[in-house]
Amino acid sequence: MTFVSTPDFRHDTPECLGVLLVNLGTPDAPTVPAVRRYLAEFLADPRVVELPRALWLPILHAVILRVRPARSAKAYRAVWEEDGSPLLSIARRQAAAVQTRLSGRFAGPVKVALGMRYGNPSIPAALAELRQANARRVLVFPLYPQYSGSTTASVFDAVTRELQRWRWLPELRFINHYHDEPAYIDAVVESIRNHWAERGEPERLLFSFHGIPKDYFDNGDPYFCHCQKSARLITDRLGLPSDRWALTFQSRVGFKEWLKPYTDETLKAWGAEGVRSVQVLSPGFSADCLETIEEIDEENRGYFLGAGGETFSYIHCLNDNAAHIEMLAGLVERHSAGWPEVTRGAADDAALAERHSRAVALGAAA
Ligand SMILES: C=CC1=C(C)c2cc3[nH]c(cc4nc(cc5[nH]c(cc1n2)c(C)c5CCC(=O)O)C(CCC(=O)O)=C4C)c(C)c3C=C
Ligand SMILES: [Fe+2]
Ligand SMILES: [Fe+2]
């Protein structure tokens, strides 16, 4: 085993706070080979598909990766933009905005890096960027408001797997979830109110979260409960009675039972029942992506209107809107509180300056 060498401690370079923002990831291109590469990495993750490897990997390679990439690539082509996959371009804008927002809020320098759990930029590449910046303290921030083993825990696996190769580890903290964070609830409420100011209130508001297999929930994954709590806090703030909103789960894959009720079935039933107007939001995604732009705003819009509904609108994810960025920056600040040389304050600043001048003097004497 050779360990990744870490730069020597540079006493004249301040230690930096590293912030690693992580989202799911997306293919490098909307082509069948690129989508196959991405799905091969994604669907081989034991956190995502909890089947015995000896059973699942042959099925994945012999069946799924021969069939699904063509279908998924077609969907990706429908959402692809000039600067690539929406998930990645939004994540890059979020990372740049959080970096700007954080500058000057800490005693020392801060470096924000973006890593994708699957595909590029990879988590090892993002950690290498933080290492180059002399980040001796790293806050890992998965951009999933609701915790799930299949997403949040998988980020932890990838980060710690990479760090197993490092000689000199940084100090590490990990944000677990923010589904009930007041600033997150406020940001979503504000985005709904802004949408209502333009389009008016719908007859029904639908919260559509990405699903997970039901047995993950039966075995203790808190995701279902986190989704319910986020939606309850948001609708309480809106003062929306329970007959005007619902929570459903989308994006199921395979033949297992997933969390219910399903988004597609609910929208078809509402259309058929005579519900005329619906607005849908997906506050479990921090950025718009294939699952919102194509699956909600295209496919599910079609189900509702096809079943008899009259108006459908989709309320965008928080993306890089100002309230979202401020919320993310605020969470970084809170979760790095108490870290020596990181938290801002006159006493910290003075202590830091003193430590640096002593370190430089010691270096010069040696
Ligand atoms: C097969 C199991 C899957 C589980 C479990 C799962 C959980 C899960 N996923 C997200 C967020 C996203 N998923 C996205 C795409 C996507 N998800 C799966 C499968 C599972 N997800 C697949 C196969 C795909 C790829 C697209 C397809 O082939 O249909 C995305 C979008 C990525 C993009 O490029 O835009 C996101 C985001 C969450 C939050 C979650 C559990 C809570
Ligand atoms: Fe997914
Ligand atoms: Fe989907």
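Residues numbered from 1 in each chain as written. Chains lettered and ligands numbered in written order. Predicted model: local features only at pLDDT ≥ 70, side-chain atom pairs only at ≥ 80, totals over all residues.

1. Focus: the site of ligand 1
Working step 1: The environment of ligand 1 is made up of 22 residues, and the closest members are Thr-26, Ser-72, His-210, Cys-289 and Leu-290.
Working step 2: Those elements giving two or more residues to the shell around ligand 1 turn out to be helix 2 (53-79), helix 5 (149-163) and helix 10 (290-306).
Working step 3: When grouped by side-chain class, the residues that make up the shell around ligand 1 number eleven nonpolar, nine polar and two charged.
Working step 4: Formed jointly, the shell around ligand 1 draws a minimum of three residues from each of two domains, domain 1 (16-179 + 322-353) and domain 2 (182-315). (Near = placed C-beta within 6 Å. Helix = DSSP H or I, 4+ residues; strand = E, 2+ residues; numbered from the N terminus. Nonpolar A, V, L, I, M, F, W, Y, C, P; charged D, E, K, R; others polar. Domains from an automatic or database assignment.)

2. Here we look at the UniProt feature "binding site: Fe(2+)" (unreviewed entry) in the protein
Working step 1: Under the feature "binding site: Fe(2+)" (unreviewed entry), the UniProt entry names His-210 and Glu-291. For the annotated residues, spread through 82 residues, the largest C-alpha to C-alpha distance comes to 8.0 Å, consistent with a single compact locus.
Working step 2: Relative to the helices and strands, His-210 is located in strand 5 (residues 204-210).
Working step 3: Ignoring any residue separated from it by four or fewer positions in sequence, one finds His-210 in contact with Gln-250, Ser-251, Gly-284 and Glu-291.
Working step 4: When you line up the elements, Glu-291 lands in helix 10. (UniProt positions renumbered as here; feature names shortened; annotations may be inferred. Contact = placed C-beta atoms within 7 Å.)

3. A short note on the sheet that holds strand 7 (residues 277-281)
Working step 1: Read from one edge to the other, the open sheet built from four strands follows the order 6-5-7-8, with strand pairing classed as parallel. With one partner strand each, in any of the chains shown, strand 6 (245-250) and strand 8 (311-315) form the two edges of the open sheet. Sheet twist, expressed as the average angle between the axes of neighbouring strands with direction ignored, equals 25°.
Working step 2: Here strand 5 runs beside strand 6; their pairing, made up of six bridges, is parallel. By the bridge assignment, Leu-205 is partnered in strand 6 with Trp-245.
Working step 3: Taken strand by strand, helix 8 (residues 223-238) contacts strand 5 and strand 6, and its axis lies near 150° from that of strand 6. (Pairing = 2+ DSSP bridges. Axes fitted to C-alpha atoms, helices over the stretch in contact; angles between N-to-C directions.)

4. Some points on the domain arrangement of the protein
Working step 1: For the protein, the assigned domains are domain 1 (16-179 + 322-353) and domain 2 (182-315).
Working step 2: The C-alpha-based centres of domain 1 and domain 2 are spaced at 25 Å.
Working step 3: Every contact between the two is made by 25 residues of domain 1 and, on the other side, 23 residues of domain 2.
Working step 4: Taken together, the elements giving at least two residues each to the side of domain 1 that touches domain 2 come down to helix 2, helix 3 (86-102), helix 5 and helix 11 (322-335).
Working step 5: Looking at the side of domain 1 that touches domain 2 element by element, the count peaks at five residues for helix 3.
Working step 6: In terms of residue class, the side of domain 1 that touches domain 2 is built from 14 nonpolar, ten polar and one charged.

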